[in-house]
Protein chains: 2
Amino acid sequence: MKNESSHLKVPAHELVYQNLRERILFGEIAPGQAVTIKGLTKKLHAGMTPVREAIRRLSAAGALTFQGNRRVIVPVLSEQNLTELNFLREKLEPKLIMLATKRATPADIEGLRGIDHELDSAITRGDINAYLRQNYQFHKTLYKLADAPILEQIADILWLLYGPSLRVVCGRIGTLNLTDQHKETLNAMSEGDGQRAADAIRADVTQGIDQIRHSMLNS
Amino acid sequence: MKNESSHLKVPAHELVYQNLRERILFGEIAPGQAVTIKGLTKKLHAGMTPVREAIRRLSAAGALTFQGNRRVIVPVLSEQNLTELNFLREKLEPKLIMLATKRATPADIEGLRGIDHELDSAITRGDINAYLRQNYQFHKTLYKLADAPILEQIADILWLLYGPSLRVVCGRIGTLNLTDQHKETLNAMSEGDGQRAADAIRADVTQGIDQIRHSMLNS
DNA sequence: CAAACTAGAATATGATCAAATTTATTTTTG
DNA sequence: CAAAAATAAATTTGATCATATTCTAGTTTG
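Okay, so let's go over this structure. (Residues numbered from 1 in each chain as written. Chains lettered and ligands numbered in written order. Predicted model: local features only at pLDDT ≥ 70, side-chain atom pairs only at ≥ 80, totals over all residues.)

A few words on the sheet that holds strand β3 (residues 71–73) of chain B. All names here are of chain B. With respect to topology, 3 strands assemble into an open sheet ordered β1-β3-β2, the strand pairing being antiparallel. Sheet topology places β1 (34–35) and β2 (65–67) at the edges, where each strand pairs with a single neighbour. Relative to β3, β1 runs antiparallel, the two being bridged by 2 bridges. Its bridge partner being in β3, V35 is matched across the sheet by V72. (Pairing = 2+ DSSP bridges. Helix = DSSP H or I, 4+ residues; strand = E, 2+ residues; numbered from the N terminus.)

Set out below in structure tokens:
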């Protein structure tokens, strides 16, 4: 007899990982800020081993970097880093959208509209945290629809590199100046026009990176 | 004072990571094969914590995957995975070559010719292990020349996904049927013709993936 | 100014406990 | 009775922690 899908016990190291990942992804730990093992064990009420493993996973993804000695920080993006990120996201996201468009059901698209609506609401409320989470959620949902595990894996990694800086930008310029191409993307998707959806998302990506780049210049 | 070696203090977890990474990258641990913590502690004469951390890092990169329960294996690529890998490598490698071409000195190109020569030698000797290492070395050297850390990071991850299967192919068809576009790449580079170098490397990439795909079909 | 000291953080070990797989044993059933 | 199924014991492996050791950086002191 197998134990059905009853109680799936999630190990501590996994929980710590997810917790820390979100803190980084949504800018709770700012770029440049150090992360210590001791500090996390206290903050997260976890043992040393789980924290250690979570840090290793995130540094393997580039979300944390070793600073020479034994210090670990959330990396600060350089101008060149942004160019590289833009290059990759500009190729990846349109591809993922095209795959997603082929597979999306009307219900899927409806779900995406719901997320986008929450996103708009967060923008008008000026709720940065909700904006970041909904924006991520929108893209992440598309990745899952695309059903392309390796592309999704890489896209996730890129988001970990790019997310923290997005928070910095929003903290600086607020949410009101933010725009997105999600409506156009969704309209194209519901017509099954993958190419147009891809173009829209490419604009969305580049716009996001440019906003970070611009914000970095006058800082 | 530090008495003995003024060498850099490389932590055990780093050594274990590098060791395990190479074992996976060059197919010493075949796709589908399981990796256990206890097993590695014995084989590598290391403690549990370092082994554990190395496994986390590699599974964060996708070089190891959790198989439901608590079993960890080197993943077996599906047809679709190969398509995704090809898509990414086909974008990445040409870009890296173009960047490398801009920065390469004659000495750099000479070094690459040396590696390529070793590679040819390995092919004619039928030395699969040397072939895999020199082939990786060739590309890795180009990545470093490009001086684009994020692109390099992603390229490294892709290599971890694709390397193990390359070994399987070579074990099946030997090295004699292998070809590469490295000569053409190097000639183009030394003329500063990044576009031509990019085209050559794109052919190299696609050819490599196709060889895996073909080998997978009749297995 | 530099050598010695010190505090704190990271690294590493091995023990312990829990979960899962394997093997052995018993029970059921055709 | 033998084959299959179910159960129980044994073994392996993973998760976590407490503890010891090693480094690093900062401070004191000669």
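Continuing now.
All names here are of chain A. For helix α6 (residues 128–146), spanning 19 residues, the distance from its first C-alpha to its last is 27 Å, which sits close to the expected 27 Å at 1.5 Å a residue. Along α6, the positions that sit buried rather than exposed are I128, Y131, L132, Q134, N135, F138, H139, L142, Y143, L145 and A146. D147 occupies a position one or two residues after α6 and carries a positive phi of about 60 degrees. (Expected span 1.5 Å × (residues − 1). Buried ≥ 20, exposed ≤ 12 C-beta atoms within 10 Å, placed from the backbone.)

At the interface, 21 residues of chain B touch 21 residues of chain A. For the side of chain B that touches chain A, the secondary-structure elements that each account for two or more residues are α3 (48–60), α4 (79–103) and α7 (149–173) of chain B. Of all the elements, α4 of chain B adds the most residues to the side of chain B that touches chain A, at 7 residues. Of the residues assigned to the side of chain B that touches chain A, the class counts are 10 nonpolar, 4 polar and 7 charged. (Contact = placed C-beta atoms within 7 Å. Nonpolar A, V, L, I, M, F, W, Y, C, P; charged D, E, K, R; others polar.)

This next bit is on the relation of the copies chain B and chain A. The transformation that overlays chain B on chain A combines an axial shift of 0.0 Å with a rotation of 180 degrees, and the residual RMSD is 0.1 Å. Such values leave the two copies arranged in the relation of a two-fold axis. Measuring from the rotation axis to each C-alpha of chain B, the shortest distance belongs to R57 of chain B, at 2.4 Å. Most of the interface of chain B is mirrored in chain A, where 100% of its interface residues again form contacts. (Least-squares fit on C-alpha atoms with pLDDT ≥ 70 in both.)

In the neighbourhood of DNA strand D, 20 residues make up the surrounding shell, with P11, A12 and G47 of chain A together with T36 and I37 of chain B lying closest. Sorting the residues of the surface near DNA strand D by element identifies α1 (12–25) and α3 (48–60) of chain A together with α2 (37–43) and α3 of chain B as the ones contributing at least two each. Classifying every residue of the surface near DNA strand D gives 8 nonpolar, 7 polar and 5 charged. (Near = placed C-beta within 6 Å.)

With that out of the way, let us pick up the environment of P50 of chain B. Residues and elements named next belong to chain B. Tracing the backbone shows P50 in helix α3. Separated by 64 residues in sequence, P50 and G114 have C-alpha atoms that sit 36 Å apart. Residue contacts for P50: discarding those within four places in its chain leaves A12, H13 and V16.

A positive phi is found at H45 of chain A, a non-glycine position, where the angle reads about 50 degrees. Looking at the secondary structure, you find H45 of chain A in the loop between α2 (37–43) and α3. Overall, the presence of 9 C-beta atoms within 10 Å leaves H45 of chain A in the exposed class. The residue D147 of chain B is not glycine, and still its phi comes out positive at about 60 degrees. Relative to the helices and strands, D147 of chain B resides in the loop between α6 (128–146) and α7.

Turning our eyes to something else, we now look at the protein's contact with DNA strand C. Taken together, 16 residues sit near DNA strand C, with T36 of chain A together with P11, A12, G47 and T49 of chain B positioned nearest. Only α2 of chain A together with α1 (12–25) and α3 of chain B provide two or more residues apiece to the surface near DNA strand C. The element best represented in the surface near DNA strand C is α3 of chain B, accounting for 3 residues. For the surface near DNA strand C, the residue count by class is 7 nonpolar, 5 polar and 4 charged.

Residues and elements named next belong to chain B. Here C170 lies in helix α7. For C170, a count of 22 C-beta atoms within 10 Å corresponds to the buried category. Along the chain, C170 and I128 lie 42 residues apart, while their C-alpha atoms are 6.6 Å from each other. Residues contacting C170, with those up to four places away along its chain left out, are I128, Y131, L132 and T175.

Moving on, we get to helix α8 (residues 182–190) of chain B. Residues and elements named next belong to chain B. The set of residues buried in α8 consists of H182, T185, L186, A188 and M189. Along the axis of α8, the buried residues cluster in a sector spanning 165 degrees; they form a single face. Buried positions along α8 lie against α4, α5 (106–125), α6 and α9 (194–217). At the C-terminal side of α8, G192 shows a positive phi close to 75 degrees. (Arc of directions from axis to C-beta.)

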